[in-house]
Amino acid sequence: MSAAGLVFAVQGVNPWTALWKIFGGSFCRSFGFFETMTKAIPLILISAGLSIAFRARFWNIGAEGQLLFGCILATGVGLHSSSLPSYCVLPLMFLAGATGGALWGTLPALLREKYRVNEVISTLMLNYIAAEAVQYLIYGPWKGKTQWGFPYTDNFPPAASLPVIPGTRIHWLTLLIGLVMACAAYFLLERSSMGFEIRVSGENPEAARRSGISPLRVSLLVMGLSGGLAGLAGTGELCGVHHHLTYPWAISSGYGFTAIIVAWMAMLNPLWCIPVSLLFAGLLVGGDAIQTSLGLPFATVNVFNGAILFFLMLAEFFRENKISLKRSASAGA
Amino acid sequence: MHDRPVLQLDAISRSFGPVQALSEVSIDLKPGEILGLLGANGAGKSTLMNILCGLHRPDSGQININGSKADIRSPAEAAGLGIGMVHQHFMLVPNMTVSENIALSLLHCPFFNPLSGLEKSIRERSEQFGLTISPDEFVINLSAGERQRVELMKVLLLSPRILILDEPTSVLTPREAAALFAVLRRFSSEGRSAIFISHKLEEVMQITNRVAVMKNGRLSGVVTTKETDSHELARLMLGSGTAGAGNAGCVRQGDKTLDVSSLTVIGDSGTQALTNVSFCIRSGEILGIAGVSGNGQRELSEAICGLRPVHSGRIFLNGIDLAGKSVRSINEAGVSAIPEERIHYGVAAGLSITDNAILKDYYQQPFSVNHMLQNEAARNHASGIIMQYQVSAPGQDTPVRYLSGGNIQKVIAGREIERRPILLIASHPTYGLDVGATDFIRSQLLLLRHSSAILLISESIDELIRLCDRIAVICAGRITGEFLPGEVTLEQIGLMMGGESVNL
C-alpha cells in the first residue's frame, strides 16, 4: 500500500486524497456505486473461473481472450437471431458465449497435455488472436450498416438486450448468474469428487497420477469451466452494456487480467471472489474518477493494481517460508 | 607402486543429524592407481566422495593431497586441487551443443566468445585418451553413453590428478563400458589416479588395482584386486555368515496372485530398465526384491501399477492381464502401492490427512455418492487410520506437510492397507524412518500377509530376511537369483546383487 502511495506522491498528489477519491467516488456516491456494481459483474464471473483453474495449477492468463472469443460466438447468434423466438435469444447467446470461452480455454489444455506446450504462453498468445479476430470482424464482414461508419456490428435486436436495474447500468441477470456461478464453483471445488481431483492435481500432480486421476481430464475440465465463465462474462457485457460487438479493449478493459489479481487476493476461493471483485471494480471506477478530478493518468490505477498483486505474492512467500538467520555452514563447522 | 600417495584420507567422520554417515574412514590413493570403492546403498560412498568434492565438510579427520593438508570448502576448490568428479546423474543442458556444455563447466573461460580455443583442447584430449566426442552435436541427440563421454571430457579438460567416477557404468551398454575402461587405463598410465565407485563386482575386479569396501559408514577392508575374488568382496560388503532366517513364521499360502512373465520395460533414459523379468507371488506370501537401488526396482513397481508402459511380457493378477490397463483400473483390480519418495509420490502434502486418506478411493462409495464428497465418511476413515496406525497428529484436518516422515508413511500405509488389496507393492517402506515407525510398518505388512500377496522392494537385506518368505535379487534389470531366507549366505546375496549368478 505504501508503495502504491508512493506512486501518487511522486506525481504530486497527496496519497490519502487519491485513495479517498478512488474509493469514496466508487462506493460512497450512488452513481459511482452503480458503476462499481456493473464492473464487478464480469470480474466475479472470471475470477471464480480462474480460481478453479489456478487450484489445479493451470496458469490461465487468457481469460481476456476466452471472454472475447465467447463474445464472437454470442454475437454470431445475436446478429442472426431475427428468425428466432424472442424468449430463446438470450439463453442461446449465453450458451454460445460460454461455448466459445470454453473452446478457447480447452485449446491450451489440449496443447499442454498432448504436446507439453506451456500454458502461460499459449493462453497469453490466444488473447491476441482473439482480439485480432474481433477487430477483423468489426472492420470486415460484420461491420454494421447502421453505425455511421464506426467499426461496430449492428445493434442486436431488442430481444438480445439484458434488463437493467432502472437508473443504473447494472444488468442484474448477469449479476445473478455470476453469484450463482461463484457459489457453484465453490461447491464444485470443496464438495464434489471432481473438485477433489482438481485440488489433488494442483497440490501434487504425481500423486494424482498415481491415484488414477487423468491429467488430461482435469485440465480440460478446469479450462472448460474457466473459459466458459469468461465467455459468460463477455456475453453479459455485450447484451447488458454495449448491445453490439465493438473494439476488443472497449468490451473488456482488462477484466481478464484484473481478475487474476482478484482470484489470488480471494485466496482462490470463489466465494471470496465476490467481495474482492467489488473492491477491484471500485478501483477501476475510481481510476476513472481520479483522471478527471486529479488529472492523473488511468495507468496510475494499473500501477496500483500491480503493486497490490506483487506485495500479495511477496506476503504469500513470507507466510510459507519463515526467514531465519543462520550462521553459514563454514562458520558453524 | 611405492610412491607417496596423492590422496590420503585420515579418519574422516561425518554425521547428518543423528545418522553417522561416516566414522573414521581412512583411505589412501597412490599415483597411477585405480581404486575401486564398493559398498551397498547407505554405506557412505557418496558422502565420502561429496566430502572430496567440497560439497560436504567432514566433522573430523584430515584430507592430505600430495602430502599437504587440504581444506576443501567448495567444488571450485576441489577442482583447483585437481579433483574431478563424473557424477552418476548427468548435469548437461540438453538444448545446447557439446562444446557449449563443456564451456559452461570451465572455470577460466573467456567472457567473450567462450568457445574460442575450446575445439583445439577438446581435440587434444580426445587423442590423448582415445575419447571420441562430436563437439557440434546437440546434447539432446546423444545417447546415455555419449553424454557420459561429454561429462568425462568436462572433467578431463581441467587436467585432474584424481578422477572420481560415480557408478559410471550404470547407464552404459557393455561395449560402451569397455570403451570407458580403455579411457580409464590410458588415464592411469599417465600416473594419474582414479576412484571407481560401483556395485558391479565383475567390473571392479576387471578395472581396479585395489578395492576399498565400505559398510555402514565404516571401512570394512582394503584389498588388492589381484589377491582377492568376488566372494571376498561380497563378504566384506555385507558381512560374513549365513543370512539367518528371521521370518515370523509362515502363513498358509494360496493360489498364485501375481504372475509376471518375461516383463521388459523401457526406462527413462530409453534403455531397457527391465529385461525378461519373471516371478510370481502367492497370496499369503511376501516376496522380497533385493538389489542396489536404480537397478530396475522403480520401473518394476511402476509397470505393475500401470504408470509405465509394458514393452513386452505379461503381468497377471489372479489370471487377468494388467499390461496396458489404466492406473485406475489396476487400482480397482486390487493393487495397492506404498511408493518410494513418499512426499513426492505418496501424498498431496498441502491437503489434510482426511483428503490424503481417501486419495485413491475418493470417487467411490462411501466417500462419494453421486459425485458429491461425503465429508463425514472421509473424516471417519481418516480418524480410523490415525487411531489404528498410531499417527501422531493434532487431528484429521492437519495438512500432511506438517507431519514427520514416519507419520506421513503411516498415513500412506494405512490408506493402502485399509483398501484391503489383493496385492500390495511396498517400495522401501521403512526408508528413513525411526525404529518405532519401522517396527510398526513391518508388523503391519506381516499382518496384511494373512490376506494378501506382498511385493516388498527394499535395499535393506536385514529387512528382507526378517519379513520375506522368498527373496529375488535384481541387478541391471534382470533377476539374478531367487532363494529362501536362511538358504544362502550374505556373501552369496552380495554376489547376486553385484550381478554374478550363484549356483544354489
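Quick notes on the rules
Residues numbered from 1 in each chain as written. Chains lettered and ligands numbered in written order. Predicted model: local features only at pLDDT ≥ 70, side-chain atom pairs only at ≥ 80, totals over all residues. Heavy atoms only, no water. Helix = DSSP H or I, 4+ residues; strand = E, 2+ residues; numbered from the N terminus. Rg over C-alpha atoms; globule rule 2.2 N^0.38 Å. Buried < 20%, exposed > 50% of the residue type's maximum accessible area, 1.4 Å probe, protein only. Areas by Shrake-Rupley, 256 points an atom, 1.4 Å probe, with all protein chains shown as cover. Patch = residues over 30% accessible without salt bridge, like charges linked within 9 Å, V, L, I, M, F, W, Y side chains within 5 Å. Salt bridge = Lys/Arg side-chain N within 4 Å of Asp/Glu carboxyl O. Lys, Arg positive; Asp, Glu negative; His and termini not counted. Charge placed at Lys NZ, Arg CZ, Asp CG, Glu CD. Contact = heavy atoms within 4.5 Å. Buried area = accessible area lost by both parts, 1.4 Å probe. Polar contact = N/O pair within 3.5 Å; in protein donor to acceptor, adjacent residues only side chain to side chain. Domains from an automatic or database assignment. Nonpolar A, V, L, I, M, F, W, Y, C, P; charged D, E, K, R; others polar.

What follows is about the overall build of chain B. Assigned secondary structure in chain B consists of 17 helices and 22 strands. Rg of the C-alpha trace for chain B: 25 Å, near the compact-globule value of 23 Å for 504 residues, within the 12% margin. Principal-axis analysis of the C-alpha atoms gives chain B an extent of 70 × 55 × 45 Å. Per-residue burial for chain B yields a buried fraction of 54% across its 504 residues. With the model as given, the accessible surface of chain B reaches about 21,300 Å², and the carbon-plus-sulfur share is 50%.

Taken together, the side chains of B:Glu119, B:Asp136, B:Glu137 and B:Glu146 present a region of like negative charge at the surface. Residue B:Glu137 is classed as partly exposed on the basis of its relative accessible area of 32%.

A few words now on the pattern of salt bridges. Scanning all chains against the criterion turns up 35 salt bridges over all chains. The residue B:Glu302 makes a salt bridge to A:Arg210 at a minimum N-O spacing of 3.2 Å. Taken together, the positions of B:Glu302 in helix α9 (residues 297–305) and A:Arg210 in helix α9 (residues 205–210) put the pair across two chains. Like A:Arg210, B:Glu302 is buried. Here B:Glu151 and B:Lys154 are joined by a salt bridge, their closest N and O atoms 3.5 Å apart. Here the residue B:Glu151 and the residue B:Lys154 both occupy positions in helix α5 (residues 144–156), the gap between them amounting to three residues, near one helical turn. Connected through salt bridges with shared partners, the residues A:Glu206, A:Arg209, A:Arg210, B:Asp268, B:Arg298, B:Glu299, B:Glu302 and B:Arg308 form a single ionic network.

What follows is about the interface of chain B and chain A. Put simply, an interface is often sized by how much accessible area is lost when its parts join up. Counting residues at the interface gives 28 residues for chain B, matched by 20 residues for chain A. Across the interface of chain B and chain A, roughly 2,200 Å² is buried in total on both sides, 57% from carbon and sulfur atoms. Together, B:Leu307, B:Tyr362 and B:Leu373 form the three largest contributors to the area buried by chain B at its contact with chain A, with a combined 26%. On the surface where chain B and chain A come into contact, there are two salt bridges. Summed over the shared surface of chain B and chain A, the number is 12 residue pairs in polar contact (both at pLDDT 80 or more). Looking at the side of chain B that touches chain A, the element that brings in the most residues is helix α11 (residues 342–346) of chain B, giving four residues.

Residues and elements named next belong to chain A. With respect to the secondary-structure elements, glutamate 119 resides in helix α6 (residues 119–139). Note on glutamate 119: relative accessible area 6%, which makes it buried. Between the alpha carbons of glutamate 119 and arginine 210 there is a distance of 23 Å; along the sequence they are 91 residues apart. Residues within four places of glutamate 119 in sequence aside, it is in contact with Arg57, Phe58, Trp59, Arg112 and Leu124. Polar side-chain contacts of glutamate 119 include one of 3.1 Å to the side chain of arginine 112.

Residues and elements named next belong to chain B. Here chain B is described as being made up of domain 1 (7–238), domain 2 (246–334 + 421–504) and domain 3 (349–420). One C-alpha centre belongs to domain 1, the other to domain 2; they are set 32 Å apart. Every contact between the two is made by 11 residues of domain 1 and, on the other side, 13 residues of domain 2. For the pairing of domain 1 and domain 2, the buried interface totals around 1,300 Å² over both sides, and the portion due to carbon and sulfur atoms is 64%. For the pair domain 1 and domain 2, the interface holds one salt bridge. Ionic pairing is found between glutamate 491 and arginine 235, a salt bridge with its closest N-O pair at 2.8 Å. Elements that contribute at least two residues to the side of domain 1 that touches domain 2 include exactly α7 (201–207) and α8 (230–238). Looking at the side of domain 1 that touches domain 2, the element that brings in the most residues is α8, giving six residues. Residues that form the side of domain 1 that touches domain 2 fall into these classes: four nonpolar, four polar and three charged.

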